[in-house]
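Summary of the model geometry
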Amino acid sequence: MVSLTRSRAVLELGSRLVSELDAADDLLASWMAHYISQLIEAAERAPAEAKATAQEACAKSILELWRYRSILPDRLRPFAELESVLRTLASLDVEQTNYRYYPQALREAETANIDKDTKQWLEFATGVDFAARLLIQSALRSASLRAAVNAEPWVKLAAQAGAEEGAEAFIVKFALQGDDEGKADENARDAVLRNRLSKMDAFVKMATSLMENLRTQLSVEKVEKE
């Protein structure tokens with residue numbers, strides 16, 4: 001049973017859905033909007049003795065429609081703009097803590113008895129893995145920022161109504177707050193940022209060294225051909 005304390009938020013969610021679905025060129029969406037609108041009006045106008053029952057029926061229909069929001073017509077879905085970001089995140093799995101590239105080989109190499117030069121290149125390999133993940137996160141956050149701003153009111157309203165927020169809530173938080181904003185301890189957050197900067201700096205130095213080696217190799221090969 002939907003709590004009466006959430007009924008107002010649920011009705012507001014329903015009203016927003018009605019506004020979104022009120023499309024003259026889509027008969028089914030228009031019918032759903034009309035149906036939900038009627039239920040909201042009935043719940044608001046019901047006499048005191050029947051109000052709880054009317055609100056319950058209205059809330060159930062609104063929450064059911066919300067649950068199936070992903071199958072609404074493309075341009076009418078509340079989170080349509082976030083869907084491409086969701087698909088990209090699912091394929092990249094940027095929140096994983098294990099290595100993304102050659103995980104087994106890197107784990108075994110870390111535990112092996114190796115010389116300093118080899119260790120340096122292995123550290124570069126792990127730096128590439130870390131840098132790739134960090135750059136992907138940054139790119140996805142930038143790509144989803146505008147869509148997240150538009151989606152945030154939906155997420156907040158769904159939370160207030162006790163409705164299922166889904167993966168969209170994660171994307172909105174990811175884009176608008178960042179993965180370190182939730183840390184209450186400012187020192188802990190700064191330590192994370194300093195650690196990332198240190199790793200990225202080491203990666204850039206190694207990458208620069210590799211670029212110079214490649215340029216030297218190219219120059220030697222060119223001279224040899226001449």
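From a predicted model like this one, the values you see are computed outputs, not experimental measurements.

Let us look at the overall build of the protein chain. If you tally the helices and strands in the protein chain, you get eight helices and zero strands. Overall, the protein chain shows an N-to-C arrangement of helices and strands of α-α-α-α-α-α-α-α. Within the span of the protein chain, comprising 226 residues, buried residues form 35% of the whole. Looking at the protein chain alone, contacts between residues at least 24 apart form 70% of all its contacts between residues at least 6 apart. Of the roughly 14500 Å² that the protein chain leaves accessible, carbon and sulfur atoms contribute 54%.

As a further point, take helix α1 (residues 7-21). One turn of the α-helix equals 3.6 residues, which is why residues spaced by three or four share an orientation. Between its terminal C-alpha atoms α1 stretches 21 Å, which fits the 21 Å expected from 15 residues at 1.5 Å a residue. For α1, the full list of buried residues reads Ser 7, Ala 9, Val 10, Leu 11, Leu 13, Gly 14, Leu 17, Val 18 and Leu 21. Elements that come into contact with the buried residues of α1 comprise α2 (27-45), α3 (48-67) and α6 (116-161).

Now for the packing of α1 against α2. Between α1 and α2, whose axes approach to 9 Å, the crossing angle comes to 150°. Comparing the axis directions of α1 and α2 gives the class roughly antiparallel. Classified by chirality, the crossing of α2 by α1 is left-handed. Between α1, through Arg 8, Leu 11, Gly 14, Ser 15, Val 18 and Leu 21, and α2, the contact on the second element is made entirely by Ala 29, Ser 30, Met 32, Ala 33, Ile 36, Ser 37, Ile 40, Ala 43 and Glu 44. Residue composition of the contact of α1 with α2, grouped by class: nine nonpolar, four polar and two charged.

With 40 residues, the main nonpolar core has Leu 13, Leu 21, Ile 62 and Trp 66 as its most contacted residues. Only α1, α2, α3, α6 and α7 (167-176) provide two or more residues apiece to this core. A total of eight residues in this core trace back to one element, the largest contributor, which is α6. Excluding residues that lie within four positions of it along the chain, Leu 13 makes contacts with Ile 62, Trp 66, Trp 154, Leu 157, Ala 161 and Ala 163. In this structure, Phe 130, Ala 131, Met 200 and Phe 203 belong to the second largest nonpolar core, which totals eight residues.

Glancing now at the pattern of salt bridges. Applying the stated criterion to the full structure yields six salt bridges. Of the charged contacts in the structure, one is a salt bridge between Lys 60 and Glu 56, with a shortest N-O distance of 3.8 Å. Here Lys 60 and its partner Glu 56 are both found in helix α3, four residues apart, which amounts to about one turn of the helix. Between Asp 201 and Lys 205 there is a salt bridge whose closest N-O contact spans 3.3 Å. Taken together, the residues span about one helical turn, with Asp 201 and Lys 205 both in helix α8 (residues 186-225) at a distance of four residues. Residue class for Asp 201 comes out partly exposed when judged on its relative accessible area of 40%. What makes Lys 205 exposed here is its relative accessible area of 56%.

So, how was this worked out
Residues numbered from 1 in each chain as written. Predicted model: local features only at pLDDT ≥ 70, side-chain atom pairs only at ≥ 80, totals over all residues. Heavy atoms only, no water. Helix = DSSP H or I, 4+ residues; strand = E, 2+ residues; numbered from the N terminus. Buried < 20%, exposed > 50% of the residue type's maximum accessible area, 1.4 Å probe, protein only. Contact = heavy atoms within 4.5 Å. Areas by Shrake-Rupley, 256 points an atom, 1.4 Å probe, with all protein chains shown as cover. Expected span 1.5 Å × (residues − 1). Axes fitted to C-alpha atoms, helices over the stretch in contact; angles between N-to-C directions. Parallel < 35°, antiparallel > 145°, perpendicular 65-115°, else oblique. Left-handed = near helix turned anticlockwise from the far one by under 90°. Nonpolar A, V, L, I, M, F, W, Y, C, P; charged D, E, K, R; others polar. Core = buried A, V, L, I, M, F, W, Y, C linked by side-chain atoms within 4.5 Å. Salt bridge = Lys/Arg side-chain N within 4 Å of Asp/Glu carboxyl O.

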